[in-house]
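Residue strings, one per chain:
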Amino acid sequence: MIQRRNFIWRTTLLLATAIVLQAFWVQTERKPVLYIIGDSTVRNGDGTGKNKQWGWGTVLHPYFDTTRIQIQNHAIGGRSSRTFMTEGRWDRIMNNLQPGDFVIMQFGHNDAGPLDDTSRARGTIRGIGDEEQEIYNPIRKVQEVVHTYGWYMRKYVTDAKAKGATAIVCSPVPRNNWQQGKIRRSNQDYGLWAKQIAEQNGAYFIDLNELVAAAYEKMDTATVNTLFFGDHTHTSLPGAELNAAKVAAGIKALPKMPLQAFLKP
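This is a predicted model, so every value here is computed, not measured. (Residues numbered from 1 in each chain as written. Predicted model: local features only at pLDDT ≥ 70, side-chain atom pairs only at ≥ 80, totals over all residues. Heavy atoms only, no water.)

## Things to note about the nonpolar core
No. 1: Grouped together as the largest cluster of nonpolar side chains are 35 residues, with contacts concentrated most on Leu34, Trp56, Phe64, Ile104 and Leu259.
No. 2: Beyond its immediate stretch of four places on either side in the chain, Leu259 contacts Leu34, Phe64, Ile69, Phe102, Ile168 and Ile251.
No. 3: Membership of the second largest hydrophobic core comes to 34 residues, among which are Ile76, Leu115, Tyr156 and Ala167. (Core = buried A, V, L, I, M, F, W, Y, C linked by side-chain atoms within 4.5 Å. Buried < 20%, exposed > 50% of the residue type's maximum accessible area, 1.4 Å probe, protein only. Contact = heavy atoms within 4.5 Å.)

Okay, structure coming up:
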């Protein structure tokens, strides 16, 4: 009888210990992180909308089960694919990026500017090739080798994949620019180059430019105007929400996309 009681006691103790350890493991298990990088169309200002301009990255989290994945929006206004990198912002993400994480990126709106002007010095060379140009950067006050848009985008993709993360490239959201009853696309420049970089380097691609432009064209221009605030580039809250919905729809449509597991039903 005593041996039986001891056996029951030991079994109970082992089960209780296992339950405690399992609970501890669940509580301390690291959630994967979705890092969002881009410009002001992805995160405007401080992200609170106090200037009535919003980016889609700020309103993307409702589409995800944030008890299972962490959303970090590192996008910042005024940056190009080049300056987000040269300011060290990408390095800080890379220091924390881990296998199983995700990086979704959208650049291009600011890449067409001058390479070395005294105002921003944020432009990149057009295209996806290996062309480069050495300049004196009057903002950073250093010599700098400037590369193509595709060079920087390729580095984001290859760096993320080298860390075991999943890279997702988006074409830039369209501006409120109409031509003969159609929204002007970026499918001959930055949208095309974003797609080519994704295809050539094994990243996922969301043609956000086309998805959003097609949605605008189903509305009248007065309604589309309400989706922007202050200019033809920066979205109001409803505009940002529309763009975020298209990002989520794009993720759902991607074949074999592991990020889908964290979307809300």
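## A few points about the packing of helix α6 (residues 208-216) against helix α8 (residues 237-253)
Describing two packed helices takes the angle between their axes plus the distance from one axis to the other.
No. 1: Axis separation between α6 and α8 bottoms out at 10 Å; the angle between their running directions is 125°. Considered as vectors, α6 and α8 are oriented oblique to each other. Crossing hand, α6 versus α8: right-handed. Between α6 and α8, the residues in contact are Leu208, Leu211, Val212, Ala215 and Tyr216 and Leu242, Asn243, Lys246, Val247 and Gly250, respectively.
No. 2: For the contact of α6 with α8, the residue count by class is 7 nonpolar, 2 polar and 1 charged. (Axes fitted to C-alpha atoms, helices over the stretch in contact; angles between N-to-C directions. Helix = DSSP H or I, 4+ residues; strand = E, 2+ residues; numbered from the N terminus. Parallel < 35°, antiparallel > 145°, perpendicular 65-115°, else oblique. Left-handed = near helix turned anticlockwise from the far one by under 90°. Nonpolar A, V, L, I, M, F, W, Y, C, P; charged D, E, K, R; others polar.)

## Observations regarding α6
No. 1: Where α6 is concerned, the buried positions are Leu208, Asn209, Val212, Ala213, Ala215 and Tyr216. Relative to the axis of α6, the buried residues are bounded by an arc of 160° and lie together on one face. (Arc of directions from axis to C-beta.)

## Section: a negative patch on the surface
No. 1: Together, Asp130, Glu131, Glu132 and Glu134 make up a region of like negative charge exposed at the surface.
No. 2: Considering the arrangement of structural elements, one finds Asp130 in the loop between β3 (102-106) and β4 (132-137).
No. 3: Taking relative accessible area as the criterion, Asp130 reaches 64% and is therefore assigned exposed. (Patch = residues over 30% accessible without salt bridge, like charges linked within 9 Å, V, L, I, M, F, W, Y side chains within 5 Å. Areas by Shrake-Rupley, 256 points an atom, 1.4 Å probe, with all protein chains shown as cover. Salt bridge = Lys/Arg side-chain N within 4 Å of Asp/Glu carboxyl O. Lys, Arg positive; Asp, Glu negative; His and termini not counted. Charge placed at Lys NZ, Arg CZ, Asp CG, Glu CD.)

## With respect to the pairing of strand β6 (residues 166-170)
Each regular strand carries side chains that alternate between the two faces of the sheet.
No. 1: Most of β6 sits out of view: 5 of its 5 residues are buried.
No. 2: Neither face of β6 is left uncovered, since the one carrying Thr166, Ile168 and Cys170 and the one carrying Ala167 and Val169 both have all their residues buried.
No. 3: In this structure, β6 lies alongside strand β9 (residues 204-206), joined through 3 bridges in parallel fashion. Within β9, the residue paired with Ile168 across the bridge is Tyr204. (Pairing = 2+ DSSP bridges.)

## Digging into the environment of Ala198
No. 1: Among the structural elements, Ala198 can be located in helix α5 (residues 190-200).
No. 2: Sequence separation of Ala198 and Ile168 is 30 residues, and the distance between their C-alpha atoms is 7.7 Å.
No. 3: When sequence neighbours within four positions are dropped, the list of residues in contact with Ala198 reads Val169, Ala203, Tyr204 and Phe205.

## Thoughts on the side chain of Arg82
No. 1: With respect to the element layout, Arg82 can be found in the loop between β2 (70-73) and α2 (83-86).
No. 2: Accessibility expressed as a relative area gives 0% for Arg82, which makes it buried.
No. 3: Residues within four places of Arg82 in sequence aside, it is in contact with Asp111, Pro114, Leu115, Ala121, Arg122, Gly123, Thr124, Ile135, Asn137, Glu144, Val146 and Tyr152.

## Side note on the pattern of salt bridges
No. 1: Applying the stated criterion across every chain yields a total of 10 salt bridges.
No. 2: Its salt-bridge partner being Glu210, residue Arg185 comes within 2.9 Å of it at the nearest N-O pair. With Arg185 in the loop between β8 (182-183) and α5 and Glu210 in helix α6, the pair connects residues that are 25 residues apart, well separated along the chain.
No. 3: The partly exposed category is assigned to Glu210, whose relative accessible area is 31%.
No. 4: Here Arg185 makes a salt bridge to Glu217, at a shortest N to O gap of 2.5 Å. On the criterion of sequence distance, the pair formed by Arg185 in the loop between β8 and α5 and Glu217 in the loop between α6 and α7 (221-225) is long-range, its members being 32 residues apart.
No. 5: With relative accessibility at 27%, the residue Arg185 sits in the partly exposed group.
No. 6: Under the relative-accessibility criterion, Glu217 is labelled partly exposed at 23%.

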